[in-house]
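Results of the structural survey
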Amino acid sequence: MPKKASRKTIVKKLDAIFSIYIRRRYAKNNIAECVTCGKRDHWKNLQAGHFMSRKHCATRWDEDNVEVQCMACNVYRYGEQYKFSKYLGEDKADRLLIKSRQVQKFTDGELLDLIDLYKHKVNNLI
């Protein structure tokens, strides 16, 4: 009988497939664009930047909360949250702020279902 994956392992797998989906969903010929500075590069060289931090489970895997960002914007400029909010628009940014403050607890089964969902979405992009 195979050993059950730890929650940490499940979250890591979900983060990985979700990131691939985010970076590829609007890419044209494998080129995506940073939403905060406009840098264009191969999707593999860019990151999935979160408007509301990943520490907030309620918005961690919310597609509205995560967009393509270059490393400079996402890491060195701390996500360029003001520019990110301008990109999202006031209504969406406000909704994500409120949602991020809600307590959201996912079961391991729900996380595994999200992994399957994003695997399917990535396969449909190909």
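Okay, so let's go over this structure.

Calculation rules
- Residues numbered from 1 in each chain as written.
- Predicted model: local features only at pLDDT ≥ 70, side-chain atom pairs only at ≥ 80, totals over all residues.
- Heavy atoms only, no water.
- Helix = DSSP H or I, 4+ residues; strand = E, 2+ residues; numbered from the N terminus.
- Buried < 20%, exposed > 50% of the residue type's maximum accessible area, 1.4 Å probe, protein only.
- Core = buried A, V, L, I, M, F, W, Y, C linked by side-chain atoms within 4.5 Å.
- Contact = heavy atoms within 4.5 Å.
- Salt bridge = Lys/Arg side-chain N within 4 Å of Asp/Glu carboxyl O.
- Patch = residues over 30% accessible without salt bridge, like charges linked within 9 Å, V, L, I, M, F, W, Y side chains within 5 Å.
- Areas by Shrake-Rupley, 256 points an atom, 1.4 Å probe, with all protein chains shown as cover.

Take Gln-69: it is sitting in strand E4 (residues 66–69). On the basis of relative accessible area, Gln-69 is assigned to the buried category, the value being 0%.

This part takes up the nonpolar core. Membership of the largest hydrophobic core comes to 16 residues, with the highest contact counts inside it found for Leu-14, Phe-18, Ile-22, Trp-61, Leu-111 and Tyr-118. Mapped onto this core, the elements with two or more residues apiece are helix H1 (7–24) and helix H6 (108–125). Considering every element that reaches this core, the biggest residue donor is H1, with seven residues. Setting aside residues no more than four positions away along its own chain, Leu-111 makes contact with Arg-7, Ile-10, Val-11, Leu-14, Trp-61 and Phe-106. Residues Ala-32, Trp-43, Cys-70 and Cys-73 belong to the second largest nonpolar core, which totals seven residues.

Another aspect to go through is the pattern of salt bridges. Scanning the model with the defined rule gives 14 salt bridges in all. The salt bridge partner of Arg-7 is Asp-108, with a shortest N-O separation of 2.6 Å. Here Asp-108 lies in helix H6 and Arg-7 lies in helix H1, a separation of 101 residues in the sequence. By relative accessible area, which is 38% here, Arg-7 ends up partly exposed. We note a salt bridge from Arg-25 to Glu-63, for which the minimum N-O separation is 3.7 Å. Placement of Arg-25 in the loop between H1 and strand E1 (31–33) and of Glu-63 in the loop between helix H2 (57–60) and E4 is noted, with a sequence separation of 38 residues between them. The two residues Arg-25 and Glu-63 agree in class, both being buried. Connected through salt bridges with shared partners, the residues Asp-62, Asp-64, Lys-92, Arg-95 and Lys-99 form a single ionic network.

Here the focus is a nonpolar patch on the surface. Judged by side-chain polarity, Met-71, Val-75 and Tyr-76 come together as a nonpolar surface patch covering roughly 300 Å² of accessible area. Structurally, Met-71 can be placed in helix H3 (residues 71–76). For Met-71, a relative accessible area of 40% puts it in the partly exposed group.

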